[in-house]
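Residue-level structure breakdown
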Amino acid sequence: MNRVVVVGAGITGLMSAYFLAKKGYDVTVYEKELYPAMQCSYANGGQISVCNSETWNNWPTVWKGIKWLRQPGAPLLIRPKLSYRKLKWIAGFLGHTIKGDHLANTADTIRLGIESRGLYQKIIDEERIECDQVDRGMMHVYTNERDMQDALDMQDIFRANKIDWKMVDPREMIRLEPGLAKFQNLVGGSYIRSDWSADIHKFCTELTEVLKRKYKVDFKFGVEYNVVGAVVPTVIASGHEIYNHAKIVGDSFNVYPVKGYSITINLNTEQDKRCAPWIPLLDNNKKIVTSRLGDRLRVAGTAELDDVNYDIRRERIEPLLNWVHENFPGVSTRDYSSWACLRPMNSNMMPIVQQSKHNENIYYHGGHGHLGWTLSAATGKMVAGLF
């Protein structure tokens, strides 16, 4: 049996391991953390959101980013400290914006997302994985006419790529999701029945046990893997550290650690559970998402460029708390936890699935940015297809 090493036990690494093991490979996973899914796959927004596939390389996003530069609680924040890696990524992002591949990349991301969503459902069903899945669709929420018009302008590309994108008025939104009854400045939304939410950490934890028991995958936790001179085929799926691993091998990727924040609210009372939404939501103006994970409410958002920095900053958590207070006043936030991760974001917003140019034994799987949960099943299958 042919051996393969996978570096990283987050969602990208586990999906790589799963599809390689299904093909009959003898897989060993190396993870420097003591447990699976302890970084970007620990407490993200929880959404399998193909409807959120629009890439960011467009001029409206650039102008919003400039406007937000001096706002500490802004959805996108670029810290003033400069570094070569940050400047390189910003230049690459602007280069793809100028190039105008935004719509083509969005269409490719949608197609990947649709495939991935189906693969996840198949894995959940076949492997009997419990991960607090909520299959009630997903809703984009618009609080101003400009965002509503942007959504109308984008709906054709989603519908053309077989996304069941439906525009809904406030009355219909509240009928579908009664928790929206007190949402501030609601002007409309879009509802996508085929998307859903689930707890990525639970999924990864249970899948790890399936891989050990059923597919005989060996896990080495708390161990750093040295890619120098790798003689066994190796998949690098180590989040933002793909940048450093590639550098060692001699490859180059314009991947940056874009920090994201979340809070997880424990719904302790019947009122909390009654008032918290079940349908996963995306507030298009605030760039905040929320997902119901059993008796917890996950609220996530914000993007921050601050190089490799894991600090959880209060001024970045407060907008998430305030959003809950304003729009779901019946939900108490007295019992919550905060979290931040460094999402590995490619400058063109597209995932990386390829073999090294300098070492035929090295393969890369990463760069998904905010869509790691949504896309990794499809890209994991693609990685296995390279072998």
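Just above, that's the structure.
With that settled, consider the environment of Leu211. By secondary structure assignment, the location of Leu211 is in helix H7 (residues 200-213). Distance in space between the C-alpha atoms of Leu211 and Gln47 is 23 Å, their sequence separation being 164 residues. Ignoring anything within four residues of it in the chain, the contact list for Leu211 reads Leu14, Ala17, Tyr18, Lys216, Val217 and Phe219.

The next point concerns helix H4 (residues 102-127). The first and last C-alpha atoms of H4 sit 36 Å apart over 26 residues, in line with the 38 Å expected at 1.5 Å per residue. The first or second residue beyond H4 is Arg128, which carries a positive phi of 55°.

This brings us to the side chain of Arg316. Here Arg316 shows up in helix H10 (residues 314-327). Overall, the relative accessible area of 0% leaves Arg316 in the buried class. Here Glu304 takes part through its side chain, which lies 3.1 Å from a polar atom of the side chain of Arg316.

So, about the packing of aromatic side chains. This model, assessed by the stated rule, comprises 18 aromatic pairs. Residues Trp59 and Trp63 carry aromatic rings whose centres are separated by 5.5 Å and whose planes lie at 25° to one another, so their mutual orientation is stacked. Here Trp63 and Trp59 lie together in helix H2 (residues 59-67), a separation of 4 residues that amounts to about one turn. Residue Trp59 is classed as partly exposed on the basis of its relative accessible area, which comes to 36%.

Let us look at helix H3 (residues 84-99). Spanning 16 residues, H3 covers 22 Å between terminal C-alpha atoms, matching the ideal 22 Å at 1.5 Å per step. Among the residues of H3, Arg85, Lys86, Trp89, Gly92, Phe93, His96 and Thr97 are the ones counted as buried. Projected down its long axis, H3 carries its buried residues within an arc of 140°, all on one side. Exposed side of H3, more than 90 degrees from the buried face: Tyr84, Ile98 and Lys99 are the residues found there. Turning to H3, the residues buried within the fold contact H2, strand E4 (76-78), helix H8 (242-249), strand E11 (255-266), strand E14 (296-305) and strand E15 (336-346). Following H3 by one or two positions, Gly100 has its phi on the positive side, about 80°.

This paragraph deals with the side chain of Ser53. Examined against the element boundaries, Ser53 turns out to sit in the loop between strand E3 (47-48) and H2. A relative accessible area of 1% places Ser53 in the buried class. Within the structure, Ser53 has its side chain in polar contact with the backbone oxygen of Val50 (distance 2.5 Å). Those residues in contact with Ser53, other than ones at most four positions away along the chain, are Thr106, Thr109, Ile110, Phe158 and Leu371.

Once that is clear, we can look at the environment of Gly301. Relative to the assigned elements, Gly301 resides in strand E14. Of the residues examined, Gly301 reaches a relative accessible area of 11% and is grouped as buried. Separated by 14 residues in the primary sequence, Gly301 and Lys287 have C-alpha atoms spaced 6.0 Å apart. Apart from the residues lying within four places of it in its own chain, the contact partners of Gly301 are Gly260, Tyr261, Lys287, Ile288 and Leu320.

Parameters at a glance
- Residues numbered from 1 in each chain as written.
- Predicted model: local features only at pLDDT ≥ 70, side-chain atom pairs only at ≥ 80, totals over all residues.
- Heavy atoms only, no water.
- Helix = DSSP H or I, 4+ residues; strand = E, 2+ residues; numbered from the N terminus.
- Contact = heavy atoms within 4.5 Å.
- Expected span 1.5 Å × (residues − 1).
- Buried < 20%, exposed > 50% of the residue type's maximum accessible area, 1.4 Å probe, protein only.
- Polar contact = N/O pair within 3.5 Å; in protein donor to acceptor, adjacent residues only side chain to side chain.
- Phe/Tyr/Trp six-rings, centres within 6.5 Å; stacked < 30°, edge-to-face > 60°.
- Arc of directions from axis to C-beta.

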